[in-house]
Each structure stands twice: as C-alpha cells, then as structure tokens.
Amino acid sequence: MRHDFLDELGIEEVNPGAGWGKDSWIDDPDARTIKSISPIDGETIARVRLVSAKDLDMVLSRSQEAFETWRVMPAPKRGEVVRILGEELRKKKDPLGKLVTLEMGKIVQEGWGEVQEMVDICDFAVGLSRQLYGKSMHSERPFHRMYEQWHPLGVVGVISAFNFPVAVWAWNAAIAAVCGDTTVWKPSSDVPLCAVAVQHIANDVMAKFDLEGIFSYVVGPGREVGEKLIADPRVRLVSATGSTPMGQRVAEVVSTRLGRTILELGGNNAVLVDGTADLEMAVRGVLFGAVGTAGQRCTSTRRVIIDKQVSGEFVHRLVKAYESIPIGDPLDEANLMGPLVHHGAIQDMANALEKIAQQGGQVVYGGETIDRPGWYVKPCIVRIRGDAPIVQEETFAPILYINEVGSVEEAIAMNNMVPQGLSSAMFTTNLQNGEKWLSHVGSDCGIANINIGTSGAEIGGAFGGEKDTGGGRESGSDSWKQYMRRQTCTINWGEELPLAQGITFGDE
Ligand code: UN1
C-alpha cells in the first residue's frame, strides 16, 4: 500500500542518491539502488539510488562554491532563510512525522515530535543569527583595542543514525546555516527517504532565495562515500551520530588531517531511584525512557539503579505499566510501542538476552519476539548485578536492567562505572542526594536530570556526553561556536608600537 503522505513529500518509486538544489540532483539511471524497508511490515516503501565517491566529490564542490556566496550574506539574513525553513517544516509536520514513523518505526507521536524538534532548532537558530557574539578584551598596551570575532567555517559533514532520521540533521544544519556554513548530509542507509523528503523541503526554501548548495545530501555505502566524506579536507567539521566504533573511526581519520569533529555516540543511561523518590513519577519517567522509541534512542533508559528498600514495590509497578503498553503499528495512535528497526536489531536483542542468562540475569518481564510481519518485540525488564559485563554494553533494544544498591554513594558509583557518559537522572525528594548527584562528585554524564527521565532533552541545552559518548555537544547553548572559526584581533590606534609583555626590541 502506498501512503498519500509520500506524494506530499515528493517521494518517488526510485529517488536520487544526492541533491543540492531544486534542479540539482545526481540521478544516474544505471546506479545501484537500495530499498527502504518499513519495519512496520517488512514491505519496501521505495528505492534510492546510491552515489559513488566521484559523485560525492561533485557534491562537495557545489557545497564549497555555495559557501563562498553564503558566507558573505549577513548572518541575520541567513537567519531569515532558516526562519522560512522552520515555517515549511511546520507545514510539513504531519507528513514528515508519518514518514519518520513509516521508515524508522517510532510511534507517530514521536515522529511528529522529531519534526517539532527541527522546528524548535530553526527558531533557536533564527535568534542566534543576531547573537553570534564575540568578546572584547582590555589590551595591556595603551591605545590598543582587542576583540574576538567568529567567522564561518566552511563545509560541514553530517553523519546521522537511523533512530533520529530528521531531527539530528536539523540540529546541525540549522545552526551551521546561520553560522554561514554549508552542510553535506550522509543519512543512515536504513532511512534514506527521510533525507530525500527533507532535501525537497530545503530545496523549496533555497529556491525562494535563489540559492542552492546550502543544504545537500548523499546516500552511499559507508566504506566508499562515508570514508571519502570524512577524509576530504574541504569538510572542515564532521558531526557524527552513531556507535562508538563508528565515532572512533571518524575521530581517527578527521584528526589525522586536523579537521574538527562533534561526536555523539553511544549511551548507557541510568535512572537512580532513592528511598525518598515519588515512585509513581519514577515509574512514568522510566517507562517513557526505556520503552519510548522501542529503546532505540541514544538517551534511552537502560539501567535503573535503585535503593533495595523500594526496589520490590518499584518493579511491581513497572511490570504493571509494561503490561499495559499497546504494541503494534506505530502509525496507529493507539499504540505506544512500534517495531525495532530491522531484523538485525531482533538478533542483537536475542544475543544480549543469551548473555544476560549466562551472567546470572533474571528476566522479570518480556523479551519475546512477537509473531507478525515486521520486527516487534516485547520490552524486557531484567534483574542483574550492575557490574555484569552485558550491563556495561549499549544494546540498542528495549532491555532494562534493574540494579539494587544500599546507598546513594553506591548508586552514583554504579552510574559512573560504565564506559559511556551520555544521559542520567535521579528520582529523589531529598535535597542532599539531589545536590550530590549534580555536584562534581555526582554523575559523570553530559546530561544529569532530577525527577525527569534520561531521554527527551530540549534543543535549548547543549546535547552530548563524555567518555565513550565522544565528548561532542550539539544544538543549544553555545554549541554554535564549533561551527565557526574564532579570530582574535588587536588594533593599535596610537602612534607608538609598544610590544606585549613589556619587551623592548632594539628600542632606545
Ligand atoms: C538520539 O537518540 O540520538 O534527548 C538523540 C532525546 C532527543 C534526542 C535523542 N532529544 O532523547
């Protein structure tokens, strides 16, 4: 069955593998194609042509050329283009959100939420376009003025993962655009149609301003096109979301040529529940964090580290909540959990469950595969030791580990024990526990919350994490600085030439 919303988004049976403007696509009829398969029922939605390394070279040239004109447009004028992009995304929220759901499998509420996140970051970027502030400093020399300013950087490469097929592009592209950069996007091959749809929207906006090449995309094999993208010196910044091994490869290649990276990699996010927590609130926070997006967010809750006094009651309530989750077609708003992204994800989950059993874990609820077309599972709750090896890994599936502890110090140590450091949360009504959690001896993650879950961060804050999560920060706060180059300027408006540090150099 072909959904009407595909027409609204310009999705054809076979779609080009690269594009940078309304009439600017790479659409070689002889090129190999990949199928975009819906995890909802395993059916092919449409196909996308793959581009070669040579095609990428052409897209990068166009992007570099576009940068030459884009960077001289005043930042608030660039903001105007991003404002219109945000407006077009608002208009397309319904069909684009549904495409996210169809291609990736998250429930449609979350599909729409993702488009809302794109709109929000456009709004943020528009404001930012008038606030790309540099500091001025007092010079140590008389009649000298010193200040720093921020210039556009160049072409930005964006590599995104299947789980956020559109929002992560926007975090990067909207900020990069107001900063005066152009963006070349390599989406995950699991969700290429989302990129095609976004490109159509961006093309319409660029065309209104007689522009092209500000936003472009390429779909191609990682080994060929991805490797070439990260190795190319024209790509001044690579912003990559995905697994830790992928991020390590990006870091290796980009650092060799002294380029910049923003890495947003795996998470292994815990919710701590102390003895004073509001358990009802904690159950709801954990439920959304662990079952939302079928456990496939990098911010998904994977661990509950809980005071053993309240653990029995908490797990009892959580199991009840899990039992009430309707699982099925994510386009049907009645369902709260859709499928996993593909068959490989089902296998990864089964492998993890096998290791769990070997390492003394006990399944309290779920974990079964549901027998119907598509890739559906029951979300799973497991009691296991917090230091078991499997708990240290990020399994991209709805498996939640319950780890019991005897004190808040033990809970914080367990939170920090894993190699990843993205998101974390504590449910408590105790001021001292809460403050300890957020202090320098508390959570070691990039995100630390109190009385809300680990996922669903707002775009206004800097997003990212420490350790194996890669250290990058995207979207809000002052993340924009990574998309620009800083220049320190000193101007002597006096009639002498004094040297800094009081040095005299052949002076009388
Ligand atoms: C991701 O899972 O890769 O905080 C991004 C959240 C979302 C973004 C998640 N705003 O869950």
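Quantities reported herein were computed from a predicted structural model and do not represent experimental measurements.

Focus on the pairing of strand 16 (residues 380–383)
Argument step 1. Here strand 15 (residues 362–365) runs beside strand 16; their pairing, made up of three bridges, is antiparallel. Each residue of the ladder has a partner; that of tyrosine 365, found in strand 16, is isoleucine 381.
Argument step 2. Here strand 16 pairs with strand 17 (residues 399–405) via four bridges, running parallel. Looking at strand 17, one finds that isoleucine 381 is bridged to leucine 400.

Some points on the site of the ligand
Argument step 1. Every residue lining the ligand is accounted for by Glu117, Asn163, Phe164, Trp171, Glu264, Arg297, Cys298, Thr299, Ser455, Gly456, Ala457 and Phe463.
Argument step 2. Glutamate 117 places a side-chain nitrogen or oxygen 2.9 Å from a nitrogen atom of the ligand.
Argument step 3. Cysteine 298 places a polar main-chain atom, nitrogen or oxygen, 2.7 Å from an oxygen atom of the ligand.
Argument step 4. Out of a free accessible area of 320 Å², the ligand has 99% covered by protein chains.
Argument step 5. In terms of residue class, the shell around the ligand is built from five nonpolar, four polar and three charged.
Argument step 6. Formed jointly, the shell around the ligand draws a minimum of three residues from each of two domains, domain 1 (4–265 + 470–487) and domain 2 (269–458).

So, the side chain of serine 475
Argument step 1. Looking at the element boundaries, serine 475 is found in strand 23 (residues 474–475).
Argument step 2. Residue serine 475 is classed as buried on the basis of its relative accessible area of 2%.
Argument step 3. A distance of 3.1 Å separates a polar side-chain atom of serine 475 from the backbone oxygen of isoleucine 459.
Argument step 4. Within the structure, serine 475 has its side chain in polar contact with the backbone oxygen of glycine 461 (distance 3.3 Å).
Argument step 5. Once you skip the residues sitting within four places of it in the chain, serine 475 turns out to touch Ile121, Phe124, Trp171, Ile175, Ile459, Gly461 and Phe463.

Brief notes about the pattern of salt bridges
Argument step 1. Under the criterion given, the structure shown has 28 salt bridges.
Argument step 2. Taking the shortest distance from any N to any O, the salt bridge between arginine 486 and glutamate 148 comes out at 3.3 Å. Highlighted residues: arginine 486 in strand 24 (residues 484–492) and glutamate 148 in strand 7 (residues 144–152), separated in sequence by 338 residues.
Argument step 3. Between aspartate 444 and lysine 467 there is a salt bridge; the shortest N-O distance is 2.7 Å. Of the two residues, aspartate 444 sits in the loop between helix 14 (431–438) and strand 20 (447–450) while lysine 467 sits in strand 22 (residues 466–467), which places them 23 residues apart along the sequence.
Argument step 4. Look at lysine 467 and you get partly exposed, because its relative accessible area is 39%.
Argument step 5. Beyond isolated ion pairs, a larger network of salt bridges with shared partners links Asp57, Lys228, Asp232 and Arg234.

Points about the domain arrangement of the chain
Argument step 1. In terms of domains, the chain is made up of domain 1 (4–265 + 470–487) and domain 2 (269–458).
Argument step 2. Between the C-alpha centres of domain 1 and domain 2 there is a distance of 31 Å.
Argument step 3. At the interface, 25 residues of domain 1 touch 25 residues of domain 2.
Argument step 4. Both sides together, the interface formed by domain 1 and domain 2 hides about 1900 Å², and carbon and sulfur atoms give 63% of it.
Argument step 5. On inspection of domain 1 and its partner domain 2, the count reaches one salt bridge.
Argument step 6. Here arginine 297 makes a salt bridge to glutamate 110, at a shortest N to O gap of 3.0 Å.
Argument step 7. At the surface where domain 1 touches domain 2, the tally comes to seven residue pairs in polar contact (both at pLDDT 80 or more).
Argument step 8. Residue assignment for the side of domain 1 that touches domain 2 shows that the elements contributing at least two residues are helix 4 (93–104) and helix 5 (108–128).
Argument step 9. Examining the composition of the side of domain 1 that touches domain 2, we find that five residues originate from one element, helix 5, more than from any other.
Argument step 10. Taken together, the residues of the side of domain 1 that touches domain 2 sort by class into 11 nonpolar, six polar and eight charged.

Thresholds, definitions, all that
Residues numbered from 1 in each chain as written. Predicted model: local features only at pLDDT ≥ 70, side-chain atom pairs only at ≥ 80, totals over all residues. Heavy atoms only, no water. Pairing = 2+ DSSP bridges. Helix = DSSP H or I, 4+ residues; strand = E, 2+ residues; numbered from the N terminus. Near = heavy atom within 4 Å. Polar contact = N/O pair within 3.5 Å; in protein donor to acceptor, adjacent residues only side chain to side chain. Areas by Shrake-Rupley, 256 points an atom, 1.4 Å probe, with all protein chains shown as cover. Nonpolar A, V, L, I, M, F, W, Y, C, P; charged D, E, K, R; others polar. Domains from an automatic or database assignment. Buried < 20%, exposed > 50% of the residue type's maximum accessible area, 1.4 Å probe, protein only. Contact = heavy atoms within 4.5 Å. Salt bridge = Lys/Arg side-chain N within 4 Å of Asp/Glu carboxyl O. Buried area = accessible area lost by both parts, 1.4 Å probe.

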